[in-house]
Amino acid sequence: MSEKKQFSTALAKINDAYFPMIERQLTGNGIKMDDYSKQCVLNAISSINNVLDQNGIGWNDPQLDQSNITQILLNVASLKLNSSANPNEVYFQVRNVKYQRRDKNGKEVIEWKKQIEMGIEGDGNDAILARFGRDVKTVHQYWLVREDDEFEYPSYVGVEVTPPKWTPKGTGKVVRVVYPIEKTNGVIEYHIAEREDVIKNLIAHVNNNLMNETFGIAKSRYEATAKQRAEIQKKKREIIEKIKSLGLDRALEDEELQQYISPAWKDEQSKESMIIRKMRNNIVKKIPKDFGVALVEMSYEDST
């Protein structure tokens, strides 16, 4: 049997294993699994398979925690997120997860496993907004406003709105993102996110990276004494305060902070894309959604 045919057969078996479970759960919650949802699940399985291959892990590998894969595929189906869309709407990655269990002697044992993690890309959030946004008729193309552009903010007199004005020049960093969103009543709303506000996202990112950091004060956060924990927390607060005082762009360039920031945030080829994506997400996530079915709402909350 050729390698391509073996791959197709193996993937078909995986599809056969997961599809009935996903369809049953959707049907049980009053959701019909249409052709597009099926295609999204197929694409997700293929994408997850690629990620596992890149990490040298098989679907039946004992080090793979399979407990959340069904939930991920359920989220993909109910939110209709397409991992093969261009630009991407959803991505998958492998992360190490620590479990605590007791052995046969009752002793606590720490065990590490590989787990698939799902993340919604910028265009995935746009797709969710267009599909589930409350009273949203059309999500128009967003504006990337650069520092050398001419831009006037919208103004309000009561309920009357004067739209923003934008004259692109095409140079400089992107300093804000504007989403013109048409509602079902014909009104167009302008939702704006500022570059500097992305500092909140950076702080959340650094806080996450600092979760297990002890700065050499203790062997691990689990073994730290109360005094050591207080010292560790003080050091973490100092780092966060430094980010706040420097502001977004200076914080990303600071040598001392570099060790706590992941490459996607600081590498020249990806930094601007990350900041733009965060500005877009900061807008789209705040706009009210109406999912209609509790399962879809739970899938959204689980994914974000």
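Chemist: Give me the packing of aromatic side chains: which residues, what numbers.
Modeler: Within this structure, the stated rule accounts for eight aromatic pairs. Between Y18 and W59, the aromatic rings sit 5.9 Å apart at their centres with planes inclined by 55°, giving tilted as the arrangement. Pair noted here: Y18 is in helix α1 (residues 3–28) and W59 is in the loop between α2 (35–54) and β1 (64–65), with a separation of 41 residues, a long-range link. Assessed through its relative accessible area of 8%, Y18 is described here as buried. For W59, a relative accessible area of 11% puts it in the buried group. Seen in terms of ring centroids, W143 and Y190 are 6.2 Å apart; in terms of plane orientation they differ by 50°. Their pairing is tilted. Placement of W143 in strand β5 (residues 143–146) and of Y190 in strand β11 (residues 188–194) is noted, with a sequence separation of 47 residues between them. Taken as a pair, W143 and Y190 share a single burial class, namely buried. Of the aromatic side chains, those joined through ring pairs into one cluster are F132, F291 and Y300. Here the guanidinium or amino end of K235 rests over the ring plane of F215, the centre of that ring lying 5.9 Å away.

Chemist: I'd love a proper account of the sheet that holds strand β2 (residues 90–102), names of residues and values included.
Modeler: Each strand in a sheet pairs with another by means of backbone hydrogen bonds, the pair being arranged parallel or else antiparallel. Reading across the sheet, the three strands line up as β1-β3-β2 and stay open at both edges, with mixed pairing between neighbours. Only two strands of the sheet have a single neighbouring strand rather than two, namely β1 and β2. Across 13 bridges, β2 lies against strand β3 (residues 108–120) in antiparallel orientation. When the bridges of β3 are listed, R95 appears paired with Q115. In the packing of α2 onto the sheet, contacts are made with β1, β2 and β3, and the angle to β2 comes to roughly 65°. Contacts between helix α3 (residues 69–79) and the sheet are confined to β1, β2 and β3, with β3 contributing the most and set at about 15° to the helix.

Chemist: Provide a residue-level description of the packing of α2 against α3, including the pertinent values.
Modeler: Between α2 and α3, the shortest axis-to-axis distance is 8 Å and the interhelical angle comes to 140°. Between α2 and α3, the angle is such that the two are oblique. Between α2 and α3 lies a crossing whose hand is right-handed. For the pair α2 and α3, the contacting residues are S37, C40, V41, A44, I45 and I48 in the first and I72, L73, V76 and A77 in the second. Its residues assigned to classes, the contact of α2 with α3 comprises nine nonpolar, one polar and no charged.

Chemist: Requested: an account of the side chain of K289, with residues and values cited.
Modeler: Structurally, K289 is set in the loop between α10 (268–284) and α11 (294–303). Of the side chains with opposite charge, D126 lies nearest to the buried K289, which makes no salt bridge, at 9.1 Å. Engagement of the side chain of K289 in a polar contact is seen with the backbone oxygen of V284, the distance being 2.7 Å.

Chemist: Which residues make up the packing of α3 against α11, and what are the values?
Modeler: Between α3 and α11, the least distance of the axes is 9 Å, while the angle of their chain directions is 120°. Comparing their axes, α11 and α3 come out oblique. Like other packed secondary-structure pairs, α3 and α11 cross with a definite hand, here left-handed. Residues Q71, L74, N75, S78 and L79 of α3 lie in contact with α11, whose contacting residues are L295, V296, S299, Y300, D302 and S303. Of the residues in the contact of α3 with α11, the class split is five nonpolar, five polar and one charged.

Procedures and definitions
Residues numbered from 1 in each chain as written. Predicted model: local features only at pLDDT ≥ 70, side-chain atom pairs only at ≥ 80, totals over all residues. Heavy atoms only, no water. Phe/Tyr/Trp six-rings, centres within 6.5 Å; stacked < 30°, edge-to-face > 60°. Helix = DSSP H or I, 4+ residues; strand = E, 2+ residues; numbered from the N terminus. Buried < 20%, exposed > 50% of the residue type's maximum accessible area, 1.4 Å probe, protein only. Lys NZ or Arg CZ within 6 Å of the ring centre and 35° of its normal. Pairing = 2+ DSSP bridges. Contact = heavy atoms within 4.5 Å. Axes fitted to C-alpha atoms, helices over the stretch in contact; angles between N-to-C directions. Parallel < 35°, antiparallel > 145°, perpendicular 65-115°, else oblique. Left-handed = near helix turned anticlockwise from the far one by under 90°. Nonpolar A, V, L, I, M, F, W, Y, C, P; charged D, E, K, R; others polar. Lys, Arg positive; Asp, Glu negative; His and termini not counted. Salt bridge = Lys/Arg side-chain N within 4 Å of Asp/Glu carboxyl O. Polar contact = N/O pair within 3.5 Å; in protein donor to acceptor, adjacent residues only side chain to side chain.

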